[in-house]
Structure formats: structure tokens, C-alpha cells
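# Inside the fold
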Amino acid sequence: MQRILSEKAYKEAVKYIPGGVNSPVRALRSVGAEPLFISKANGVTLTDIDGNELTDFCLSWGVFILGHNHKLVNETVKNAIDLGTSYGIPTLQETQLARLLVESVPSLEKVRFVSSGTEAVMSAIRVARGFTRRNIIVKFDGCYHGHADHLLVSAGSGVAQLNASSSSGIPEDFTKYTLSLPFNDIELVKAVFEEHGDDIAAVIIEPVAANMGVILLQAGFLKDLRTITKKYGALLIFDEVITGFRLALGGAQERFGITPDLSTFGKIIGGGFPAAAFGGRADVMAVLAPDGPVYQAGTLSGNPIAMAAGIQTLQLLQQPDFYKNLESKSNLFITELKDIIKGKSIVLNHVGSMFTLFFADHEIRNFADVKRSDTERFARFFRALLHENIYFSPSAYETSFISAAHTGQQLEQTLSILKKVISTI
Ligand SMILES: *Cc1c(COP(=O)(O)O)cnc(C)c1O
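This is a predicted model, so every value here is computed, not measured.

Here we come to the sheet that holds strand 5 (residues 136–140). With mixed pairing, seven strands are arranged side by side in an open sheet as 4-10-9-8-7-5-6. Sheet topology places strand 4 (110–114) and strand 6 (178–181) at the edges, where each strand pairs with a single neighbour. Neighbour to neighbour, the strand axes of the sheet diverge by 20° on average, direction disregarded. The sheet strands contacting helix 6 (residues 186–196) are strand 5, strand 6 and strand 7 (200–205), and the helix crosses strand 6 at an angle near 155°.

What follows is the structure, encoded as C-alpha cells:
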């Protein structure tokens, strides 16, 4: 298993692209490896430019719940391309995908498309501020909501690997209305609302944390957030960019039965193309231009190729028992994995088809717990898996995913490799 061509490609890439990558985690620095260069993918198999075939559990960060290169999605996209790829004028497909979203997700009455999760969250926050005429946003440590200035405060994902708690290049004044609280501590939320309640526009949360690895909320936490925000007239925003169409057709809000005012979506809904969305209560979304005073726009927003991929993907996810089957497949894998890690100082957090292995002896309930885990050991684990051509999400702060395309045989084989690798690291 050699990566000679990837090494060469990386040397060439760094000449022109900062760090050789267009999104920092791809550089694989936190796991002490060098980036792979991929030439193609099919199902859950990635082929790198050296010809190695890897079994993918990152799946473009959760995008490919149906696996890569899905035949029907691709056919739909190819047909769409023949009709022109962007008009900057409305299409029927935008309404069709919007209708699919509204019908699938409990809280959605109105929805608008953008091109990335970052944009979706940024826009939802602007809407919340415009609607409430308040400034403060409450978020949670280790939750990642894209790379907008005011949200890079104690953020998870790649930001968590920087030494500073947040990004450089952001004036302090830009984050002065962002309060970041520890995950799973409702008493602190109450205290913050007692002090600032009348100035808080919204609370934003990943309803299952996925960008510091999988962390579930304690029972009642989301319900308490719903009650508190309502009491103070603040909006509750679920960032479902990962959990949307992952944990259920209606996302985490359906799974946990809590209805936020606004939600954001990305990853899965573009079917591998740049599409994301934000939406929620009709009266709240009514502040958006051209109906209202909150400006938000995008040249390629709702572009027909991404819409076509999204529509076809969601239609496949709507098939009866899709989530039931994905869940039982995932449960089988998780149950066997639990056996493998027994007594190995590893904590397995999981929900549905999302999971993270933390190298720690303590329970992982928040970002501070994650940071006390053994990231060096994770790095060895990741590299050992890579050596065996298994590609987990490449950071101790990320989530790995099981897709409908993983076969029983691929999962069994992965488990036997995991068993071997875990006994050696
Ligand atoms: C990935 C992600 C984002 C950002 O989406 P991009 O498309 O990368 O801009 C926002 N929120 C959550 C929860 C995410 O996982």
C-alpha cells in the first residue's frame, strides 16, 4: 500500500494552495499523516491516485448517506446538466426541493436555499436578529456552525485543532454578541438568560453534537432549551447540517420531538453538490427580502444541478424503511464494536448511523471532556486504519458515518480490522 503519487501531488498542491488543501482538516495534520488525493469513488470505496481502494466512513463529512456515485442521483444530474446549469431566474426544481423539505421536517414552513452550511447558519442568525431586534447569540462550546466570523467562538471541527480557541483575523468586536456555553449544562443557560434574556436573539445548537465527535444531549436538555427560549422570546435554532436527513427524514427534531423556530441544513440535501438551506416559522422567515427588511442573496443559490441532486436524494430517503434499515445495520456494527473496545480505555458515542471513538477513560459529555481525550492515541489509531485502507473521519473531533451503501461484508471486514488495530495501539 504505497502513496507515492499522493505524496507527489501534495508537494505540487502546496505550491499553489495554502497547506495544499481547500479545507484545513483535509491536510490530516492532527493525525500526523499527509493528505490522500482521490481519483474516484463508488459506493463506500474511495480510490486514491496510487490506485489504493479505501473503505470510506467519512463520506464527504456525512454527505453520502446513499454512498458515492449513486446511479440514480448521477443520472438525474446528467440529465439536468443538458438543460443548462444556472439561470439566475426561478425554476420549478427549487419549489420541488423546498416542498420536499417542508413536508419532511416538522418545524419547516418556509425555506430558502443557499450554497453552503456556513451561509445557511449565517443567514438564519441574521433572520433571528432581524425578527427579534436583539443582538446576542448563545451557542455551545465545541459545536461548529460554519466559518462566519461571529460563530468562530469555541468552535468544533477543524477550528478545535488550532491552538487559539478561535480563529485569528476576527476583530474582538465581531464576537462580542456571541456567548458560548458548555454543552449539557442547563443551569448555566438559565443563568445567562436571567442576566441577558431580553437581549438574546437566539440559541443555536447542534441537536446532536457532531463536530467535536458525537455527543448526545442529556435527556430533557433540548426540551428545557425550548421552554427557556420561549419564555424570553428568543428563537431556538437547530443546526441540522449534519443531523438533518441523517437521524431521521425529519432530522433530530423529529427524532427527539422538539420543534425549533429555525433550522439549517446542508451536506445530505445537496446530494454531493453545493446546496444548503435555512428555514422555519413562516412569520419569522417573512422578515427576509423581498418581503421584509433582512437582506440575503446568492448568485448560485438553488442552482438547478444541486436541486436535481437534492430532489433525487431526498426521494430515495423517503422510501419506506430507509432509516429503519440504516439504523439496524448501524446497530449491528455498533454492538460488535462495543465488544471490541471493552477494557481498552475507549469510549464509543453513537446515535443512529453516526459514531465516534474517543480514546479516554472518562465519559464524554462536553468539549472539555473531548479535549482531555488522548488525541495522540487517536492519531495512531487513524494511521493504523489508513494503513489497512479504512478511512475514518480524520480527526479526534469528528464523526464517522455508516451509509446505506456499506455492505454487511464491508462492515464485518472493517470490524475485524478494527479488532486487530485496537489491540496494537
Ligand atoms: C458542516 C457544518 C456546517 C458548515 O457547512 P459548510 O457547508 O461546510 O459551510 C455548519 N454546521 C454544521 C453542524 C456542520 O456540520
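Now that the structure has been shown, the text picks up again.
The geometry of a pair of packed helices is captured by two quantities: the angle between their axes and the separation between those axes. The N-to-C vectors of helix 4 (residues 92–104) and helix 10 (residues 304–317) enclose an angle of 35°; their axes lie 9 Å apart at closest approach. Viewed along their axes, helix 4 and helix 10 form a crossing whose handedness is left-handed. Residue-level contacts link Gln-93, Glu-94, Gln-96, Leu-97, Leu-100 and Leu-101 of helix 4 to Met-307, Gly-310, Ile-311, Leu-314 and Gln-315 of helix 10. Looking at side-chain class alone, the contact of helix 4 with helix 10 contains six nonpolar, four polar and one charged residues.

Attention now goes to the environment of Gly-280. Within the secondary structure, Gly-280 sits in strand 10 (residues 276–280). When its relative accessible area of 0% is taken as the criterion, Gly-280 is described as buried. Sequence-wise, Gly-280 and Gly-84 are 196 residues apart; in three dimensions their C-alpha atoms are separated by 31 Å. When residues no more than four places from it in sequence are discounted, the contact partners of Gly-280 are Ser-107, Leu-108, Glu-109, Lys-110, Asp-261, Leu-262 and Met-285.

This part covers the site of the ligand. In the vicinity of the ligand, the contacting residues are Ser-116, Gly-117, Thr-118, Tyr-144, His-145, Gly-146, Glu-206, Asn-211, Asp-239, Val-241, Ile-242 and Lys-267. One of the backbone N or O atoms of Tyr-144 is found 3.3 Å from a nitrogen atom in the ligand. Between Lys-267 and the ligand, the recorded distance is 2.7 Å, taken from a side-chain N or O atom to an oxygen atom. Coverage of the ligand by the protein amounts to 83% of the 380 Å² it exposes when considered alone.

Taken as a whole, the protein chain is organised into domain 1 (4–69 + 321–424) and domain 2 (71–317). Using only C-alpha atoms to locate each centre, domain 1 and domain 2 end up separated by 25 Å. Across the boundary between the two partners, domain 1 contributes 34 residues, which contact 37 residues of domain 2. A buried area of about 2,800 Å², summed over both sides, lies between domain 1 and domain 2, and 63% of it is on carbon and sulfur atoms. On the domain 1 side of the contact with domain 2, Tyr-323, Phe-367 and Tyr-397 bury the most area, a combined 23% of that side's loss. Our count for the domain 1 to domain 2 interface comes out at one salt bridge. For Glu-327, the salt bridge goes to Arg-255, with nearest N and O atoms at 2.7 Å. Across the contact surface, domain 1 and domain 2 share 13 residue pairs in polar contact (both at pLDDT 80 or more). Listed by contribution, the elements that provide at least two residues to the side of domain 1 that touches domain 2 are helix 2 (59–62), helix 11 (322–341), strand 11 (347–351), strand 12 (354–358) and helix 12 (367–371).

Analysis parameters
Here the residue index of a chain counts from 1 through its sequence in written order. Reporting of local features is limited, given that this is a predicted model, to residues whose pLDDT is at least 70; pairs of side-chain atoms are given and counted only at 80 or more, and all residues count toward the totals for whole chains, interfaces and linings. Excluded from the side-chain calculation are hydrogens and water; included are all heavy atoms of the structure. For two strands to pair, DSSP has to find at least two bridges joining them. Only DSSP runs of H or I covering at least 4 residues are called helices, and only runs of E covering at least 2 are called strands; the numbering of each starts at the N terminus. Convention adopted: a line fitted to C-alpha atoms gives each axis, helices being fitted over their contacting stretch, and angles between N-to-C directions are expressed from 0 to 180 degrees. It only takes one pair of heavy atoms within 4.5 Å for two residues to be counted as in contact. Each crossing is labelled by how the near helix is turned from the far one, with a counterclockwise turn of less than a right angle marking it left-handed and a clockwise turn marking it right-handed. In the scheme used here, Gly and all other residues not listed as nonpolar or charged are polar, with Ala, Val, Leu, Ile, Met, Phe, Trp, Tyr, Cys and Pro taken as nonpolar and Asp, Glu, Lys and Arg as charged. Burial status follows relative accessibility: with a 1.4 Å probe on protein chains alone, a residue under 20% of its type maximum counts as buried, one over 50% as exposed, and anything between as partly exposed. We call a residue near a molecule or strand when any one of its heavy atoms sits within 4 Å of it. Counted as a polar contact is a pair of N or O atoms within 3.5 Å, where, for protein atoms, one must be capable of donating a hydrogen and the other of accepting one, and residues adjacent in sequence contribute only when both atoms are in side chains. For the accessible areas, the method is Shrake-Rupley and the probe is 1.4 Å, while residue cover comes only from the protein chains on display. Domain borders in the structure are assigned automatically or taken from a domain database. The term buried area means the drop in 1.4 Å probe accessible area that two parts suffer when joined, counted for both and summed. When a carboxyl oxygen of Asp or Glu is within 4 Å of a side-chain nitrogen of Lys or Arg, the pair counts as a salt bridge.

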